[in-house]
Amino acid sequence: MAVPAFQPVRPATLRLAFAPDLASARAVALAIRAFLKDQGVPEPELFAYELCLAEAANNAVEYATGPQRSQRPVAEAVITAEEVELRMTDHTAGFVLPEAGARPSPRQDRGRGLFLIRTMMDDVRYFRGAAENVLVMRKRRAPRPAPAAGPAPHGMGSGLRAFPATEPSFRSETFSAIFRRCAEMGHSTELAAGFGDRLLLDLLQLSSADWCVLRVLSADNRQLEVAAVSEPGLVTAPVVLPGKKGTPPGIEAAAALRRAVTRFDLPAGTAAGEPLRAVGPEASGLVCPLCVGETLVGTLAIGCYRGEFPKGKLQEEVIRAFAEFLAIQTVNFRHYQQEVRNRVLARELEIAREIQHLLLPRTLPQLAGFGLAGGWQSAREVGGDFYDAIPLGERSLLLMIADVMGKGVPAALFSTTMRGLLRGLAARSNDPAQLLSGLNRLLHAELSTVDMFITAQIVHLDLDSRQVTAASAGQCPLLFRPRGSRNVTSLPTRGLPLGVLPGTAYRNVSAVLGEPAVLLLHTDGLTDARNPAGRRYGERRLTAWLQANSQDADHHAGDLRDRLASELARYRGDAVMADDQAFLVLSEEECAAPRAAEAEGLQPETAFLLPAVAAPLSA
């Protein structure tokens, strides 16, 4: 029997079923890449095949629904001397394959994967069936020309070969370069120092250009600043963008304002203010604006030192593709920077909040037969509402509640300053009106400079005589039960806020506590609290709540504090907290000894961050 002149070569084939999840989709793409590499497929092509498989596998997983979601997709690779064929079998509802050359809308994410697959493969087909569908991707295997001898231009090293001879291989090299740099973005956070330079290197080698300049729009949108260049000598000052009626100062500014690709040749008489004169007197090229939608991000200028820059349509398309990708990555990089700044700011505010907590009294003085507790909550990370309690003896106490106009860090700074000043003044006087006058005198200059003011109330308690003496600087009146009455009422006090007029005189108002005694100092954040329907909690509702919850001496001050915090949280529901809240509650107790749980300090898990009730004062 005669032996044939040749033996038919059987294709190398790999078929893999994989679990319907994204991790397995990624793993199967890597497995087939390794298989193709073993068959001698060169590295640049491997990257393209891996991307096509990854895109197809992800779609097979993401778009499967219902019972089909549990079925395993199948990936296949068939390689011969002439062709590589990839197949992906999915169990989705299927889709209609767009016509060849159809570009996806820039505003839609769907369709981009298929567009890239068609760009990198020679033949793409999709067969829909009743139970499964098959995506077939084929690419011819053509011998690759050897790299040109000699060093790469400008000493930038060797990499991709110069302008490829055929359009299909040119497209493949283009998108391989882009996706390779895209993968590197996970390891680089410096656009100008790393990613931009390497992507521009690829662009130079693909387009046969001599130079390129990448500019990005400044944060104020007023000028184009150099982000990356092919040579250090091309770095120039920022290009200032004119107003709507101004004249663009150069080719790059004109292309940016028109949002259009602009070709140029630098004649001998080019204006001295033209930034691209740095390239040389005989340069030519084009400037491509970097845009995401209608938003300008920067410009990409690229060209030759001498002679006319090639005008091939395909070459311009490649430059546009690089420009679009650079625009997207520039925006992503800026979002990353903003996220880092936001995280730093959040951490700084968190530290400020912790410091403000420490400035609130961690324990409050307890006089024999009476309990005292306080509650505080800020509408932001830090706020301007606060309270303080200063013991003046075994049976005497000075209380203060205050609200700095505004919220945030400035209010917190003034509240801290005021607390320190009060403690200094209290060493010389226990008269509330005199203390408010002193605080106004010391704080007026600083408050008026920044157009801020502080509402405050200071109360002196003498529990031997059960007398309450209060003075107010625009703060809510305190609530208490007067002698001879079972009803809770308010103690009318008036006065201008601190910082309004430098010589303001304040007036004391006195009353006697009834039995059982109860006293509530609070900022307007309590009465101004709103429910989801927008209704205020109000002074009347707060008075009624205190009346109902303080009829006997069985309730400790800590119980009233916790109940009030819960009541306010219940009323507000899921409505946004609009104002800071602070309050102090004093109650007459049959047993003034503190409970163990209240001596442990702050309770961060409650709606309010509440200082604990401390041990009674002793002689």
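See the structure shown above.
Residues numbered from 1 in each chain as written. Predicted model: local features only at pLDDT ≥ 70, side-chain atom pairs only at ≥ 80, totals over all residues. Heavy atoms only, no water.

1. Looking at the sheet that holds strand β18 (residues 479–480)
Here we have five strands laid out as an open sheet, ordered β13-β22-β21-β18-β19, and antiparallel in their pairing. The sheet terminates laterally at β13 (370–377) and β19 (489–490), the two strands that pair on one side only. Relative to strand β22 (residues 581–588), β13 runs antiparallel, the two being bridged by eight bridges. Each bridged residue has a counterpart across the sheet, and for W376 the counterpart in β22 is A582. Its contacts with the sheet put helix α11 (residues 538–549) on β18, β19 and β21 (518–522), and the angle it makes with β21 is roughly 150°. (Pairing = 2+ DSSP bridges. Helix = DSSP H or I, 4+ residues; strand = E, 2+ residues; numbered from the N terminus. Contact = heavy atoms within 4.5 Å. Axes fitted to C-alpha atoms, helices over the stretch in contact; angles between N-to-C directions.)

2. Points about the sheet that holds strand β8 (residues 239–240)
In spatial order, the strands read β8-β7-β6-β11-β10-β9; together these six strands make up an open sheet with antiparallel pairing. With partners counted over all chains shown, the strands left at the sheet margins are β8 and β9 (262–265), one partner each. Two elements, strand β6 (residues 211–217) and strand β7 (residues 223–229), share five bridges in a ladder whose sense is antiparallel. Within β7, the residue paired with L214 across the bridge is A228. Here helix α6 (residues 251–258) sits on the sheet in contact with β6, β7, β8, β9, β10 (284–292) and β11 (295–304), set at roughly 40° to β10.

3. Let's talk about helix α1 (residues 22–38)
Relative to the 24 Å expected for 17 residues at 1.5 Å per residue, α1 spans 25 Å between its end C-alpha atoms, a close match to the ideal helical length. For α1, the complete set of buried residues consists of S24, A25, V28, A29, I32, R33, F35 and L36. Between a side-chain oxygen at the N-terminus of α1 and the backbone nitrogen of A23 the separation is 3.3 Å; the capping residue is D21. Positive backbone phi, at 90°, marks G40, one or two positions downstream of α1. (Expected span 1.5 Å × (residues − 1). Buried < 20%, exposed > 50% of the residue type's maximum accessible area, 1.4 Å probe, protein only. Polar contact = N/O pair within 3.5 Å; in protein donor to acceptor, adjacent residues only side chain to side chain.)

4. Some remarks on the nonpolar core
If you look at the biggest cluster of nonpolar residues, it comprises 53 residues, and the most contacted ones within it are L399, M418, I454, L461, L478 and L498. Sort the elements by how many residues they give to this core and strand β15 (residues 396–404) lands first, with seven residues. Beyond its immediate chain neighbours, meaning those up to four positions away, I454 contacts A402, D403, V404, F414, M418, L443, L447, A473, P497 and L498. Residues A29, A48, A77 and I117 belong to the second largest nonpolar core, which totals 32 residues. (Core = buried A, V, L, I, M, F, W, Y, C linked by side-chain atoms within 4.5 Å.)

5. Let's talk about the packing of α11 against helix α12 (residues 557–572)
Contact pair α11 / α12: the axes reach a minimum separation of 11 Å and the direction vectors enclose 140°. The angle between the axes of α11 and α12 places the two elements in the oblique class. Of the two elements, α11 crosses α12, and the hand of that crossing is right-handed. Here α11 contributes R541, L542, W545 and N549 to the contact with α12, which in turn contributes L560, R563, L564, E567 and Y571. Split by residue class, the contact of α11 with α12 holds five nonpolar, one polar and three charged. (Parallel < 35°, antiparallel > 145°, perpendicular 65-115°, else oblique. Left-handed = near helix turned anticlockwise from the far one by under 90°. Nonpolar A, V, L, I, M, F, W, Y, C, P; charged D, E, K, R; others polar.)

6. A short note on the pattern of salt bridges
For the structure shown, the criterion picks out 17 salt bridges. Between R419 and D388 there is a salt bridge, with the nearest N and O atoms lying 3.7 Å from each other. Taken together, the residues R419 in helix α8 (residues 408–426) and D388 in strand β14 (residues 385–393) connect sequence positions 31 residues apart. Residue R419 is classed as buried on the basis of its relative accessible area, which comes to 19%. The partner of D562 in a salt bridge is R561, and the shortest N-O contact between them spans 2.9 Å. Taking relative accessible area as the criterion, D562 reaches 28% and is therefore assigned partly exposed. With relative accessibility at 1%, the residue R561 sits in the buried group. (Salt bridge = Lys/Arg side-chain N within 4 Å of Asp/Glu carboxyl O.)

Purely geometric numbers; function is a separate question.
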